[in-house]
Amino acid sequence: MSNKTTDIDLLVRLNVKELKPYSTARDECELKYAISLDANESPYNTGYNRYPDPHQKALKDAFVKKINLNSRTMNNRGQAPIDEQGELTTENIFAGNGSDEAIDLLIRVFCNPGVDNIVSISPTYGMYRVAASVNDIEYRDVRLNADFSLDSKAILNSCDSKSKIIFLCSPNNPTGNLLAREDILSLLDSFNGIVVIDEAYIDFSKNAGFASLIIRYNNLAVLRTMSKAGGMAAIRVGFLISSKLIVSYLNRIKYPYNISKVSQDIAIKSINENRREIVNQIISERERISALLKKTPSVKMVYPSDSNFLLVKFDNAKEIFKKLIENNIVVRYRGDEPGCDGMLRITIGKPAENDTLISVLTSGERSFASGYLEFTRVTKETRVNVRLFPEGAPASYFSTSIVILDHMLDHIALQSGLVMEIEAVGVLEVDPLHTIEDVAIVLGEALSGLISLKTGYNRYGFVLPMDESRAEVLIDFGGRPYFVWEAGFKGDKVGDFPCEMFRHFFSTLSLSGKFTLHIKATGESDHHKAEAIFKAFARSLRIAMSNKISEYQVPSSKGII
Ligand code: PMP
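Residues numbered from 1 in each chain as written. Predicted model: local features only at pLDDT ≥ 70, side-chain atom pairs only at ≥ 80, totals over all residues. Heavy atoms only, no water.

Caption draft 1: Structural detail: the overall build of the protein chain. Of regular secondary structure, the protein chain possesses 17 helices and 21 strands. Taking 24 Å as the expected radius of gyration for a compact globule of 561 residues, we find that the protein chain reaches 32 Å, considerably beyond that expectation. Its C-alpha atoms put the protein chain at 95 × 60 × 45 Å along the principal axes. Burial analysis of the protein chain (561 residues in total) assigns 52% to the buried set. Across the protein chain, the fraction of contacts at a sequence separation of at least 24, relative to all contacts at a separation of at least 6, is 71%. (Helix = DSSP H or I, 4+ residues; strand = E, 2+ residues; numbered from the N terminus. Rg over C-alpha atoms; globule rule 2.2 N^0.38 Å. Buried < 20%, exposed > 50% of the residue type's maximum accessible area, 1.4 Å probe, protein only. Contact = heavy atoms within 4.5 Å.)

Caption draft 2: Region of the structure containing helix H8 (residues 181–190). Among all positions in H8, only Ile 184, Leu 185, Leu 187 and Leu 188 are buried. Taken end-on, H8 shows its buried residues confined to a sector of 160°, consistent with a single buried face. For H8, the elements touching its buried residues are helix H7 (152–158), strand E4 (163–169), strand E5 (194–198) and strand E6 (220–225). (Arc of directions from axis to C-beta.)

Caption draft 3: Inspection of the sheet that holds strand E7 (residues 238–242) at higher detail. Taken in spatial order, the seven strands make up an open sheet running E1-E7-E6-E5-E4-E2-E3, and their pairing is mixed. Strand pairing shows two members of the sheet lacking a second neighbour, strand E1 (93–96) and strand E3 (138–143), which therefore form its edges. When strand polarity is set aside, the average angle formed by the axes of neighbouring strands in this sheet is 20°. Relative to E3, strand E2 (residues 117–122) runs parallel, the two sharing six bridges. Bridging from a neighbouring strand, Val 119 pairs with Arg 140 of E3. (Pairing = 2+ DSSP bridges. Axes fitted to C-alpha atoms, helices over the stretch in contact; angles between N-to-C directions.)

Caption draft 4: Seen up close, the domain arrangement of the protein chain. For the protein chain, the domain assignment lists domain 1 (8–271), domain 2 (276–363) and domain 3 (373–544). Here domain 1 and domain 2 have C-alpha centroids that lie 29 Å from each other. Taken together, both faces of the contact between domain 1 and domain 2 bury some 1,500 Å²; the carbon and sulfur share is 61%. The three residues of domain 1 that bury the most area against domain 2 are Phe 148, Pro 174 and Phe 204, which together make up 41% of that side's buried surface. Taken together, the connections running from domain 1 to domain 2 amount to zero salt bridges. Our count for the contact surface shared by domain 1 and domain 2 stands at six residue pairs in polar contact (both at pLDDT 80 or more). Looking at the side of domain 1 that touches domain 2 residue by residue, the class counts come to eight nonpolar, eight polar and three charged. (Domains from an automatic or database assignment. Buried area = accessible area lost by both parts, 1.4 Å probe. Salt bridge = Lys/Arg side-chain N within 4 Å of Asp/Glu carboxyl O. Polar contact = N/O pair within 3.5 Å; in protein donor to acceptor, adjacent residues only side chain to side chain. Nonpolar A, V, L, I, M, F, W, Y, C, P; charged D, E, K, R; others polar.)

Caption draft 5: Seen up close, the site of the ligand. Near the ligand you find 13 residues, and of these Ser 99, Asp 198, Tyr 201, Thr 225 and Ser 227 are the closest. Protein chains shield 91% of the accessible area of the ligand, which is 400 Å² for the free molecule. When the residues that make up the shell around the ligand are grouped by side-chain class, the tally is four nonpolar, five polar and four charged. (Near = heavy atom within 4 Å. Areas by Shrake-Rupley, 256 points an atom, 1.4 Å probe, with all protein chains shown as cover.)

This is the structure in structure tokens:
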């Protein structure tokens, strides 16, 4: 493969070539004199009273060392082409306020407003289009193929003499895939303008990327960022790796002190830390979650990813997005992007966060296909998981951290014949209220979900004595939530369960399960009364949910509904 030379000077806007860049006090004189009276700074030391290095020498040193090291290691493993012509230097590096700054500056260096155009792919990262509009530059986008691969011929066909830059993104956002090396090389070989490859997500891929090729192609610019694998999105530092000439043009027009000292210092420290373990963990989570999503009934397609996110096609993406929001999980809706109908972009989180995502997604799936019906609710205070198993499953299991609640739920399971697992993790030290309420909400949803699977259900009532106490519970699964409560408690608590919460538990259950519930109880012992209520409730539930008609059932005028 021969080196290709593009006449960069010919591509640069005339005004950029001719302008005299602003010269900072630090450009004219480094901060090395005992007395600095040249930059109108404050003489009093706050740690930040002096302007930062406008050329970010130390930062670029650290970055270029890492890039050269990575490319050498990759070469030794035979994973990247050997760069026979030497290593990169700091002059090949532009450092910006995020890689977004470099995107904007590239357009400003090369494109004449109202005249030139840039060409990119679709769907892709939205900032290329925005930066083009801000600069009054026509934006031409070329659809990726159905499998999100690059159609390099179509890209070339859409270029004309006014096309100055082709923006590619690999791994691409939001599709997650790498673009094929040969397709990119063919553009580099045949396009007479600048080819930008945005490699924001390259560290999540096994591919070495294109940085080492900038010595062969003087029209190539590679974008990197500290915001993704580097874990430093807040400090806003990104890089452009390119020929010395292109970098020098960007430097001419950048703000003089475009990266703060705080960001430069933190970036240097962070570049020198090894983040491989965290990145590997994200990659292995990506593979684990991709496999789990593929088994989720509402998921139609999980696209292969070389990045830290997955593009997922759902049957009903808008509803899924809403359901996740209701559970305090936010993902990116990408359904309006070309070729992304019904798709959500899901960033890979920590393992526990990913687990929660999966349980919310599988929660309420209306089938026992996975072995159980699962319902989940995640709030800032609690995370509740209810699983209902088909008849004949092994014993129920409860872990809500509230002993009496576990005990009462056990009565519900035993007496109703439902096999269930209920787990609640909450901030109990503050107040058990949220946990009790959320368990009632999710259990109600679970009962309503179970009812929707059944062909028949009915009204039923049960009266249960317990020594001196008695409880009477009436249920109607007609779909109308209505709650009646005639029961009082003498004390404040039964075990660790606040008595005021008994009423709240059942009213929430009735509301969330959408059924009518009447509860009446009398007696001396609060414990007996509570237990009688839970048992009578479970007994009513058992027959009301049964498909078989009981002699004692109260039929609806609509028959078995
Ligand atoms: N390129 C791509 C492909 C991105 O997805 C993003 C951020 N979402 C960026 C660049 C911007 O990165 P930075 O934080 O460095 O501006």
